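Structural description and commentary
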Amino acid sequence: MAGVSGCMKYSMFIFNFFFWVCGSVILGVSIWIRVSKDIQQELEIDSSLFAGVDLLIAVGSIIMVLGFLGCCGAIKESRCMLLLFFIGLLLILILQITGGILGAVYRSQIETSLNKTLQASVNSLQSSTEESKAFQEKFQKFERMNQCCGLLNGPADWGKNFNANFGGRKICQCELGDLPSSHCIMFQGRLVYNQPCGHVIAEYLEDHLLIIMGIAFGLAVIEILGMGFSMSLYCQIQKK
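This section reports on the structure supplied with the text.

1. Things to note about the packing of helix α5 (residues 107-126) against helix α6 (residues 130-146)
As a packed pair, α5 and α6 sit with axes 8 Å apart at the nearest point and diverge in direction by 105°. With respect to each other, α5 and α6 are oriented roughly perpendicular. Here Ser 121, Ser 124, Leu 125 and Gln 126 of α5 lie close against α6, whose contacting residues are Ser 132, Phe 135, Gln 136 and Phe 139. Its residues placed into classes, the contact of α5 with α6 shows three nonpolar, five polar and no charged.

Below you can see the structure in the form of structure tokens.
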């Protein structure tokens, strides 16, 4: 009867051990951020970002479980664990492909949803509630950092709050300095940034879409290799 390849067996173990370590780090850091009030304040994470942290906790847990199955399946030569590892990677790969297809098909709906989200934020810029004021203060910092004003319609998005001061600084105040004059326009008697921040956010998403696609492609290659190794090891164990 044919034996199990020692090289493949231990390569599979080492690969999945690092896989498990990565999952442990992601899970540990995510839980730390989720439960530590000090870290949340330091990183300026509010309740609206908890969904992202919870997603990282789920991802870390899944990676840990798959890494454990791969490690134990390889070193113990367990067909059951290797099969579970294969099925887990296959499901993740199917989800990635489905997500990519849905993203391409429903791109217009995604853009519409983004515009609705931006419009809701515009309403917050024009509001006078305490919760809205906290958002307005954070958004003004974003404006200064990215040299933009408003979200969809420029300074008009601020409505009656346009002349409010936050920390002694006027909203959208454009100081030419090293900036070309095209970056600023005159609005209600003073210079403000010309570009709406919605354009900045859209450009950021487009610029990082290629990076996300590259990461997704790299993960898909790793998943296919993992599936190939696990099934090959599974077949070798079956032939023993």
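2. A closer look at the nonpolar core
In this structure, Phe 139, Leu 151, Trp 158, Ile 171 and Cys 172 are the most contacted members of the largest nonpolar core, which totals 18 residues. Listed by contribution, the elements that provide at least two residues to this core are α5, β4 (190-193) and α7 (197-239). Top element by residues in this core is α5. It accounts for three residues. Setting aside chain neighbours within four positions, we find Trp 158 in contact with Leu 125, Gln 126, Gln 136, Phe 139, Glu 143, Cys 149, Gly 150, Phe 166, Ile 171 and Cys 172. Judged by nonpolar contacts, the second largest core, of 14 residues, contains Ala 74, Leu 82, Phe 86 and Met 227.

3. Some points on the state of the cysteines
With the rule as written, the count across this model stands at two disulfides. There is a disulfide in this structure between Cys 148 and Cys 197, and the S-S distance comes to 2.0 Å. Judged by the torsion about the S-S bond (90°), the Cys 148/Cys 197 disulfide is right-handed. Pair noted here: Cys 148 is in the loop between α6 and β1 (165-166) and Cys 197 is in helix α7, with a separation of 49 residues, a long-range link. Here Cys 148 falls in the buried class, since its relative accessible area comes to 0%. Paired by a disulfide, Cys 149 and Cys 172 hold their sulfur atoms 2.0 Å apart. Between Cys 149 and Cys 172 the sulfur-sulfur dihedral comes to about 85°; the bridge is accordingly right-handed. Of this pair, Cys 149 sits in the loop between α6 and β1 while Cys 172 sits in the loop between β2 (169-170) and β3 (184-187), placing them 23 residues apart in sequence. A relative accessible area of 3% means that Cys 172 is categorised as buried. Unpaired in this structure, Cys 71 has its nearest cysteine sulfur neighbour in Cys 72, at a distance of 6.6 Å. Relative accessible area serves as the criterion here: at 19%, Cys 72 is assigned to the buried category.

4. So, the environment of Ser 11
Summarising the element assignment, Ser 11 is placed in helix α1 (residues 6-35). A residue is classified by how much of its surface remains accessible, and Ser 11, at 35% relative accessible area, is partly exposed. Sequence separation between Ser 11 and Cys 71 is 60 residues; the distance between their C-alpha atoms is 9.8 Å.

5. With respect to the packing of aromatic side chains
Considering all chains together, one arrives at eight aromatic pairs under this definition. Seen from their ring centres, Phe 17 and Trp 20 are 6.3 Å apart, and the 25° between their planes marks the pair as stacked. Remark: Trp 20 and Phe 17 occur in helix α1; sequence separation between them is three residues, near one turn of the helix. Trp 20 sits in the partly exposed class, given a relative accessible area of 32%. Measuring from centroid to centroid gives 6.0 Å for Phe 139 and Phe 142, while their planes differ by 20°, and the two rings are stacked. Residue Phe 139 and its partner Phe 142 are both found in helix α6; the two are separated by three residues, about one turn of the helix. Here Phe 139 falls in the buried class, since its relative accessible area comes to 7%. Taken together, the ring pairs in this structure connect Phe 13, Phe 17, Phe 18 and Trp 20 into an aromatic cluster.

6. Thoughts on the packing of α1 against α7
Direction vectors running N to C along α1 and α7 enclose 140°, while the axes themselves pass 10 Å from each other. As judged from the angle between their axes, α1 and α7 are oblique. The two elements α1 and α7 meet at a crossing, and its hand is left-handed. Residues Met 8, Lys 9, Met 12 and Phe 15 of α1 touch α7, and the partners they reach there are Ile 222, Gly 226, Phe 229, Ser 230, Ser 232, Leu 233 and Gln 236.

7. Description of the side chain of Glu 223
With respect to the helices and strands, Glu 223 occurs in helix α7. Look at Glu 223 and you get buried, because its relative accessible area is 8%. Apart from the residues lying within four places of it in its own chain, the contact partners of Glu 223 are Leu 89, Ile 92, Leu 93 and Gln 96.

Basis of the calculations
Residues numbered from 1 in each chain as written. Predicted model: local features only at pLDDT ≥ 70, side-chain atom pairs only at ≥ 80, totals over all residues. Heavy atoms only, no water. Axes fitted to C-alpha atoms, helices over the stretch in contact; angles between N-to-C directions. Helix = DSSP H or I, 4+ residues; strand = E, 2+ residues; numbered from the N terminus. Parallel < 35°, antiparallel > 145°, perpendicular 65-115°, else oblique. Contact = heavy atoms within 4.5 Å. Nonpolar A, V, L, I, M, F, W, Y, C, P; charged D, E, K, R; others polar. Core = buried A, V, L, I, M, F, W, Y, C linked by side-chain atoms within 4.5 Å. Buried < 20%, exposed > 50% of the residue type's maximum accessible area, 1.4 Å probe, protein only. Disulfide = S-S within 2.5 Å. Phe/Tyr/Trp six-rings, centres within 6.5 Å; stacked < 30°, edge-to-face > 60°. Left-handed = near helix turned anticlockwise from the far one by under 90°.

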